[in-house]
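# Observations on the three-dimensional arrangement
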Amino acid sequence: MTGFGGWDMPVEYPALGGIIAEHMAVRTAAGLFDVSHMGNILLQPAGQHGGALAAVQYISMNDASQLAIGQAQYSALLYPEGTFVDDVLVHRTGEDEYLLVVNAGTHEKDLRWVRTNTAGFPCIVRDLSNSLAQLAIQGPRAAEVLQPLTDVDLGEVKSYWFTWGSVCGLPRVMIARTGYTGEDGFEIYVPSEASWPQTIWNRILESGKILGLLPCGLGARNTLRLEACMALYGHEISESINVWEARLERFCRMDKGDFIGRAALERARTAGVRRVLAGLEMLDRGIARDDYKICDQAGAQIGYVTSGSPAPFLKKNIALAYLPPEHSAIGQIVFVEVRGQRLRAQVVPTPFYKRPRQ
Amino acid sequence: MAYPANLRYTKDHEWVRISGDIATFGISDYAQRELGDIVFVELPKVGAKIAVGQVFGSVESVKAVSEIYAPASGEVVEVNSPLRDAPEKINQDPHGAAWLIKVRLSSPAEINALMDAAAYEAYVAEKPEEASA
């Protein structure tokens, strides 16, 4: 167990296999994660219809007006500088109602940010984090694991859409086809009352055992999202990194209207980026890890690793890193400083891993 | 776990087996369990001189790097090279087949400072279980 954002979380389940086994289970069968530490912020209208949407549009960079009820989008809350408060999944849960799912480590900050910056809009902000537990079932067999436990026809729930149904007999559970692993999968939002989360956790483990489902901890969560090139706050995105540097422009809709950070992003776009996120694969024998320095041939530092680790499925040592644009072309060789040695790495296309299309 | 009685142990979870003036070094079962799946090992070359208490190599799991400290001083006379391509052996047989290096000791008396199996067992029993899920 380890501390994470104020929560006591398992890094792995050694008795059942450990990080590598968990990682491989998600890529080949299914894995079950307790992600109840995530924050859940609900925006509702206050009287006037449309207040919640207006508020969401102002505080986030993607275009929430494109969402149908039951649809979700990856987005981010930005500072006026165009840098990241947090990344977020915006779910349209009602006519004018939006659920923002945010990171555990930034939950308090995000809540304060949302409350402060939506104060000018006719909307109500509710923190549902303590009343919602969240479980993620991820992997090619995720639907097979979950289907016997729910009355929802999971085949009807498309990627980045969600619905409500009963799970293990508990009604009105939100089931979303989202995740943080690069695989198909579901995230279910269970009221944290009575012992429903534990009951459902145990029933899922039971149902999935025969299909190869393993419970998974933070260690596998990190290696999976890294292979899939999904950002982790504090690493690829932070308060000092902007949207263009992080290469998340496809989630930023500059044409949707004004939002916090838009003006700065416009200026930054004109000025050009000084660094950009790139994917690396180690060529020399060794593992690049978070915060390791990256140098050019002459030994001068040109960048740093944001996240680095062995990739259990790809069987390579991979990393995400910030590099100057002129050093970020595919095929570029750079040198990672690993405990005093300079090891060669190569810029490769991202994502490192893309799940096979069924 | 009952730690082999013929080995001596350090506070950093290395073990030593003595045979005349040649000592074999490895990392203990406690260390491999704490690390998890070992994916990489870095060892010195034959002929390298190592000094007691200094880093002579490293062992890496998916999530962490762990440096290995020399239990005693000497010159490396043999390296367990097959570990390079099969680092998981350290998880499987940490006290036996997955020895790391053999050293000709320069100050054999340094071994007297190390714990015996009973003392080491008591020492690790006091440690909080890191991965007990």
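Every value quoted in this text rests on a predicted model; they were computed, and no experiment measured them. (Residues numbered from 1 in each chain as written. Chains lettered and ligands numbered in written order. Predicted model: local features only at pLDDT ≥ 70, side-chain atom pairs only at ≥ 80, totals over all residues.)

To continue, consider the overall build of chain A. The secondary structure content of chain A amounts to seven helices and 19 strands. Expected size for 358 residues packed as a compact globule is a radius of gyration near 21 Å; at 21 Å, chain A falls within 12% of this value. Considering only C-alpha atoms, chain A reaches an extent of 60 × 50 × 40 Å along its principal axes. Scored against the burial criterion, the 358 residues of chain A give a buried share of 47%. (Helix = DSSP H or I, 4+ residues; strand = E, 2+ residues; numbered from the N terminus. Rg over C-alpha atoms; globule rule 2.2 N^0.38 Å. Buried ≥ 20, exposed ≤ 12 C-beta atoms within 10 Å, placed from the backbone.)

Let's shift gears to the overall build of chain B. Counting its regular elements, chain B contains three helices and nine strands. In chain B, the order of α-helices and β-strands from amino to carboxyl end is β-β-β-α-β-β-β-β-β-α-β-α. Scaling as 2.2 N^0.38, a compact globule of 133 residues should have a C-alpha radius of gyration of about 14 Å, and chain B matches this with 14 Å. Seen through its C-alpha atoms, chain B measures out along the principal axes to roughly 45 × 35 × 20 Å. When the 133 residues of chain B are sorted by exposure, 38% land in the buried category. For chain B, the share of sequence-separated contacts (at least 6 apart) that also reach a separation of at least 24 residues comes to 63%. (Contact = placed C-beta atoms within 7 Å.)

Taken together, the contacts link 11 residues of chain B with 17 residues of chain A. Taken together, the residues that form the side of chain B that touches chain A break down as six nonpolar, two polar and three charged. (Nonpolar A, V, L, I, M, F, W, Y, C, P; charged D, E, K, R; others polar.)

Let's shift gears to the pairing of strand 7 (residues 97–102) of chain A. A regular strand places its side chains on the two faces of the sheet in alternate fashion. Residues and elements named next belong to chain A. Burial within strand 7 is extensive, with five of its six residues counted as buried. By the bridge criterion, five bridges tie strand 4 (residues 39–45) to strand 7 in an arrangement that is antiparallel. Paired with Leu43 across the strands is Tyr98, a residue of strand 7. Counted between consecutive antiparallel strands, the loop separating strand 6 (residues 84–94) from strand 7 contains two residues. (Pairing = 2+ DSSP bridges.)

A few words on the sheet that holds strand 4 (residues 38–42) of chain B. Residue and element names in this part refer to chain B. Pairing is antiparallel across the open sheet formed by three strands, whose spatial order is 4-6-7. Only two strands of the sheet have a single partner each, and these edge strands are strand 4 and strand 7 (65–69). For this sheet, the mean angle separating the axes of adjacent strands, direction not counted, is 20°. Here strand 4 runs beside strand 6 (residues 55–61); their pairing, made up of four bridges, is antiparallel. Note that in strand 6 the partner of Val41 across the bridge is Val59. (Axes fitted to C-alpha atoms, helices over the stretch in contact; angles between N-to-C directions.)

What follows concerns the confidence of the model for chain B. Counting all residues, the mean pLDDT for chain B is 93, and 95% of those residues have values of 70 or more. What the predictor reports for the complex is a pTM of 0.93 with an ipTM of 0.85. (pLDDT = per-residue confidence, 0-100.)

Another point: the pairing of strand 5 (residues 72–78) of chain A. All names here are of chain A. With five of seven residues buried, strand 5 lies mostly within the body of the structure. Of the pairings in the sheet, the one linking strand 5 to strand 6 comprises seven bridges and is antiparallel in character. In the strand pairing of strand 6, Ala76 is matched with Asp87. Counting the residues between successive antiparallel strands, the hairpin from strand 5 to strand 6 contains five residues, one of them, Gly82, with a positive phi of roughly 85°.

Bringing the sheet that holds strand 10 (residues 162–167) of chain A into the picture now. Adjacent strands of a sheet form backbone hydrogen bonds with each other and so pair up, either parallel or antiparallel. Residue and element names in this part refer to chain A. Pairing within the open sheet is mixed, and its six strands lie in the order 10-11-12-9-3-13. The strands lining the two open edges of the sheet, one partner per strand, are strand 10 and strand 13 (214–216). Within the sheet, the average angular offset between the axes of one strand and its neighbour, ignoring direction, is 30°. Summarising the sheet, strand 10 and strand 11 (residues 170–176) pair through five bridges and their orientation is antiparallel. Pairing of Phe162 across the sheet is with Ala176, part of strand 11.

This paragraph deals with the packing of helix 1 (residues 19–28) of chain A against helix 6 (residues 218–227) of chain A. All names here are of chain A. Two elements in contact, helix 1 and helix 6, have axes separated by 9 Å at closest approach and are oriented at 50°. As the angle between them shows, helix 1 and helix 6 are arranged oblique. Remark: the crossing between helix 1 and helix 6 carries right-handed chirality. In this structure, helix 1 uses Ile19, Glu22, His23 and Val26 to contact helix 6, whose residues at the interface are Gly219, Ala220, Thr223 and Leu224. Broken down by class, the residue content of the contact of helix 1 with helix 6 amounts to four nonpolar, three polar and one charged. (Parallel < 35°, antiparallel > 145°, perpendicular 65-115°, else oblique. Left-handed = near helix turned anticlockwise from the far one by under 90°.)

Mapped onto the elements of the fold, Val173 of chain A is located in strand 11. Sequence separation between Val173 of chain A and Pro191 of chain A is 18 residues, and the spatial gap between their C-alpha atoms is 7.8 Å.

Residue and element names in this part refer to chain A. Among the nonpolar cores identified, the biggest contains 131 residues, and Leu135, Ile137 and Ala288 are the most heavily contacted of them. Counting residues domain by domain, this core receives three or more from each of domain 1 (1–273) and domain 2 (274–348). Not counting residues within four places of it along the chain, the set of residues in contact with Ala288 comprises Leu280, Met282, Val305, Gly308, Asn317, Ala319, Val336, Val338 and Ala345. (Core = buried A, V, L, I, M, F, W, Y, C linked by C-beta atoms within 7 Å. Domains from an automatic or database assignment.)

Next up on the list: the domain arrangement of chain A. Residue and element names in this part refer to chain A. Here the domain parsing of chain A yields domain 1 (1–273) and domain 2 (274–348). On the side of domain 2, 17 residues touch domain 1, which itself brings 16 residues to the contact. By residue class, the composition of the side of domain 1 that touches domain 2 is seven nonpolar, four polar and five charged.

Time to look at the environment of Gln297 of chain A. Residues and elements named next belong to chain A. Relative to the helices and strands, Gln297 is located in the loop between strand 15 (293–295) and strand 16 (301–311). On the basis of neighbour counts, which here come to 11 C-beta atoms within 10 Å, the residue Gln297 falls in the exposed class. Note: C-alpha distance between Gln297 and Arg221 (76 residues apart in sequence) is 34 Å.

Further remarks concern unusual backbone geometry. Peptide bonds are mostly trans, and most non-glycine residues show a negative phi. Residue and element names in this part refer to chain A. Residues Thr350 and Pro351 are joined by a peptide bond in cis, for which omega reads 5°. Of note, Pro351 is situated in the segment after strand 19 (341–348). Despite not being glycine, Arg172 has its phi angle at roughly 55°, a positive value. Its identity is not glycine, yet Arg339 carries a phi of approximately 45°, on the positive side. Structurally, the position occupied by Arg339 is in the loop between strand 18 (333–338) and strand 19. Overall, Arg339 belongs to the partly exposed group, with 13 C-beta atoms counted inside 10 Å.

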